[in-house]
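Coordinate analysis (summary)
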Amino acid sequence: MTLIDDIVKSHSVSVVGMEKNTGKTECLNYIIRNLPLEGLTVAVTSIGVDGETTDIVTGTHKPEIFLREGMMFSTSEKHYRQRHILSELLDVDDESTALGRVVTARALDYGKIMLSGPSTGKGLARWIGRMHSFGAGLTLIDGAISRLSSASPAISEAMVLSTGAALSANLNELVRKTVHTVSIILSDKYEGKCAGRLQDVETGLWTIDADGNAEQIEETTSALSLSQVKTSLAAGHKGIFVAGAVTDRIVDRLVSDGAKDGFVIVAKDFTKVFISPEKMLLMKRLGLKLEMLASVRLLAVCINPVSPNGMSLDPDRLRGRLEEVLPVPVYDLFRTTGGAE
């Protein structure tokens, strides 16, 4: 079974980088280039801005995004006007982004495009549905793992994660960070009876009782107001839902409040979790669980052994180390693509 085989079996896939320049765009281009398009309509967009030739932060070269004839794509009005591809306009969304409305078109030839699509989670979910109504059998999303992204890649059905030397030039540290992130992504989905009710909750901390009922802690609008809560977050409860970021502070508070084996911390999705490896080990030792309202199927991890500053790791050793410790396939697409994102 290859990466492309797994992707074709999915309806929506996000390609997400652990850090800038870890190979995300090259991974996306590899997928676009190798997808069998006979009988399959593909739609592509990006949560952020992708496809520019130069990184505006580092000044380093970035790979452009190339689409094939017949593929649909969605991007902002600004970047649609700047396209280098012959296309047929299909739709202009009413929702506006910082770069204008989101325009959807069909590529009539091979060419390059800058992608800047829906900027909110609801907008991204609506985009996936709209593309399927236009006949897309597969939607591809250039995603973002950063907490700054309001449009979560966990909204997609499946995901491909890219990692590499840009994250750390130390092989052991790179493996440690990647394993930690993958363990969070692969957290179980929360199936409690209040899960549906919590889906649309945007703020606050909510306790979950033994019967699966959720109740907001009145003093909280976010985890930042944790210090205002004088009552125990754990006593008499089976879990807690955090609408915002799940951090080490929350873990420390729950441990201090006496959270026991089986107590569950529920997050919106993996992009909201910022628990350190040390605190994850503490949770495991105490039997505390981490679960997600929205889970995503991780198809593979792709590696980029080269960083923008020229540091290079042994690709065979990096891949081998990750294959030993990860429960998903590991691919070195740079043997074929020869570039970086």
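Residues numbered from 1 in each chain as written. Predicted model: local features only at pLDDT ≥ 70, side-chain atom pairs only at ≥ 80, totals over all residues. Heavy atoms only, no water.

1. Points about helix H8 (residues 277–286)
Along H8, the residues that are buried comprise Met280, Leu282 and Met283. Buried residues of H8 fall within an arc of 160 degrees about the axis and therefore sit on the same side. The exposed residues of H8 that point more than 90 degrees off its buried face are Glu278, Leu281, Lys284 and Arg285. Tucked into the core, H8 has its buried residues touching helix H5 (171–185), helix H7 (248–256), strand E15 (264–267) and strand E17 (289–292). Just past H8, the residue Gly287 takes up positive phi, approximately 85 degrees. (Buried < 20%, exposed > 50% of the residue type's maximum accessible area, 1.4 Å probe, protein only. Helix = DSSP H or I, 4+ residues; strand = E, 2+ residues; numbered from the N terminus. Arc of directions from axis to C-beta. Contact = heavy atoms within 4.5 Å.)

2. What about the side chain of Asp93?
Relative to the elements of secondary structure, Asp93 occurs in strand E5 (residues 87–97). Not counting the four nearest positions on each side in its chain, Asp93 is found in contact with Arg101, Val102, Arg126 and Arg130.

3. Some thoughts on the packing of aromatic side chains
Under the criterion given, the structure shown has two aromatic pairs. Sitting above the plane of the Tyr80 ring, Arg83 keeps its charged end 3.9 Å from the centroid. (Phe/Tyr/Trp six-rings, centres within 6.5 Å; stacked < 30°, edge-to-face > 60°. Lys NZ or Arg CZ within 6 Å of the ring centre and 35° of its normal.)

4. Details of the confidence of the model for the protein
Scored by pLDDT, the protein comes out at a mean of 88, with 90% of its residues at no less than 70. Here residues 337–341 is a poorly scored stretch, pLDDT under 50, and it has 20 contacts once near neighbours within four places are set aside; other chains count. (pLDDT = per-residue confidence, 0-100.)

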